[in-house]
Amino acid sequence: MAPIINKHSNNIFWFDICPNNESNFISVYVIMDKKISIIETGPASSHNNLLAGIKQMGLNPEDVDYIIPTHIHLDHFGGGGHLMEICENAKSIVHPNAYKHVSSIDSWWSGSREFLGSIADLYGKPKPISKERLISAENGFELSLGHHKIKALHTPGHAPHHITWIYEMEAFVGDSAGLWYSDIDRSFPVTPGYYRHDLALESIEKMEKLNLEYLHYTHFGPRPADGVFRETKREFELWMEIVKQGYSEDKSSKTILNELLEIRPGLQETHSSHGPHQTETHLGTVEGMLNWIRREYAKG
Ligand SMILES: [Zn+2]
């Protein structure tokens, strides 16, 4: 079934790619300027849904100029190589640190499997993209799409290769501002196993300074930006306090997560309504924070 295309503005459209039939989890954006760009692709396993969405918009795959992930975690760009194969005229724009992983996927795939376990298999194995079709985006990189530019703001923390893409006063934030669902209207942190809390907070502050109007989350959908970064920073800090407390009392990640589920309004709903990916995601976040605390304490 073809996805329903949502119109955010004259230039920005988005749809749900429903990986493994899980809806309201991963959104993909299309910028219709003179050049056509797709922001995020979702995982390899849902690339057929992505293609159906592109066709549903009345586009031919050959029309796509740029395929632009915020970062290369499998839920964001696992389907990048599949899409590049279909969109034969497109170039893909990635962070310099991601460049070698997407052109030669072995360590990307083995690292993903190590961290995600069986979820990596649900997302599916990516395909490599040849270097000739890759553009490396340093911090501050700009590209004209015709009427407006898209700009790269490096926003590490969630991942060292994370980019927030700015288009006019709107930003495609990937996972740098956590996740957000419109029905719950709260943001929660999302961190992988190797998380840098200090950089994550710095990245949120950098984005806050831009006075953005809209944020486009991958998980999930467009959100007015007013007051969001302040609230998000507070939520990240609060989680870290609770995880630190749990760490000092030698609690397991599951116990800490259960405490968070009890005290953070809305978190339980994300947990119960978003299937296996989301459940694993919250536990992974607690573990990513625990790993950060361990590394910090080891430094002394
Ligand atoms: Zn993600």
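Residues numbered from 1 in each chain as written. Predicted model: local features only at pLDDT ≥ 70, side-chain atom pairs only at ≥ 80, totals over all residues.

Student: Which parts of the structure should I look at to understand the nonpolar core?
Tutor: What tends to happen in soluble globular proteins is that the nonpolar side chains get buried as a cluster. The biggest cluster of nonpolar side chains holds 70 residues, and the ones touching the most others in it are V28, Y29, I67, W165, A171 and L215. Among the elements that take part in this core, helix α8 (residues 228–248) stands out by supplying 5 residues, more than any other. Here V28 is in contact with W14, F15, I17, I38, E40, T41, G42, L50 and G53, once residues within four sequence places are set aside. (Core = buried A, V, L, I, M, F, W, Y, C linked by C-beta atoms within 7 Å. Buried ≥ 20, exposed ≤ 12 C-beta atoms within 10 Å, placed from the backbone. Helix = DSSP H or I, 4+ residues; strand = E, 2+ residues; numbered from the N terminus. Contact = placed C-beta atoms within 7 Å.)

Student: Explanation requested: helix α7 (residues 197–208) in the structure shown.
Tutor: Three or four residues apart is the spacing at which side chains of an α-helix point the same way, because the helix has 3.6 residues per turn. When the terminal C-alpha atoms of α7 are compared, their 17 Å separation across 12 residues agrees well with the 16 Å that a helix rising 1.5 Å per residue should span. Within the sequence span of α7, burial applies to H197, A200, S203, I204 and M207. For α7, the angular spread of the buried residues around the axis is 120°, confining them to a single face. The exposed set on the far side of α7, more than 90 degrees from its buried face, consists of D198 and E205. (Expected span 1.5 Å × (residues − 1). Arc of directions from axis to C-beta.)

Student: Looking at this model, I keep getting lost on α8. Mind explaining?
Tutor: Between its first and last C-alpha, α8 extends 30 Å over 21 residues, near the 30 Å set by a 1.5 Å rise per residue. For α8, the complete set of buried residues consists of V228, F229, T232, F236, W239, V243 and G246. End-on view of α8: buried residues confined to an arc of 115°, all on one side of the axis. In this structure, α8 carries R230, R234, E241, Q245 and S248 as exposed residues pointing more than 90 degrees from its buried face. Where α8 terminates, the next one or two residues include D250, which has phi positive at roughly 60°.

Student: Even after reading the chapter, I still don't get the sheet that holds strand β9 (residues 149–154), so can you show me in this structure?
Tutor: The strands making up a sheet are joined through hydrogen bonds of the backbone, oriented either antiparallel or parallel. Read across the sheet, 6 strands follow the order β8-β9-β10-β11-β14-β15 without closing on themselves; strand pairing throughout is mixed. Looking along the sheet, the strands with just one partner apiece sit at the ends: β8 (142–144) and β15 (221–224). Taken over all neighbouring pairs, the strand axes of this sheet differ in orientation by 25° on average, direction set aside. (Pairing = 2+ DSSP bridges. Axes fitted to C-alpha atoms, helices over the stretch in contact; angles between N-to-C directions.)

Student: Would you mind going over the environment of D106 with me for this structure?
Tutor: Secondary-structure assignment places D106 in helix α5 (residues 106–116). Sequence separation of D106 and L179 is 73 residues, and the distance between their C-alpha atoms is 28 Å.

Student: Which parts of the structure should I look at to understand the environment of Y217?
Tutor: You can see Y217 is positioned in strand β14 (residues 214–217). Y217 sits in the buried class, given 26 other C-beta atoms within 10 Å. Note: C-alpha distance between Y217 and Q278 (61 residues apart in sequence) is 15 Å. In this structure, Y217 is in contact with V173, L179, W180 and R223, ignoring residues within four places of it in sequence.

Student: Just checking my understanding: could you explain the sheet that holds strand β2 (residues 12–16) for this structure?
Tutor: Ordered in space as β1-β2-β3-β4-β5-β6-β7, the 7 strands form an open sheet in which the pairing is mixed. Taken across any chain shown, the strands that pair with only one partner, and hence form the sheet edges, are β1 (6–7) and β7 (134–136). This element, helix α4 (residues 96–103), spans β6 (91–94) and β7 of the sheet and lies at about 160° to β7.

Student: Looking at this structure, how should I read the pairing of strand β4 (residues 36–39)?
Tutor: Within a regular strand, the side chains alternate between the two sheet faces. Here β4 shows no split at all, with I36 and I38 on one side and S37 and I39 on the other all buried. Taken together, the 4 bridges between strand β3 (residues 27–32) and β4 define a ladder with antiparallel strand orientation. Counted as the bridge partner of I31 is S37 from β4. In textbook terms, the turn of a hairpin is the stretch between consecutive antiparallel strands, and for β3 and β4 this stretch comprises 3 residues. Of the pairings in the sheet, the one linking β4 to strand β5 (residues 66–68) comprises 3 bridges and is parallel in character. Bridging from a neighbouring strand, I39 pairs with I68 of β5.

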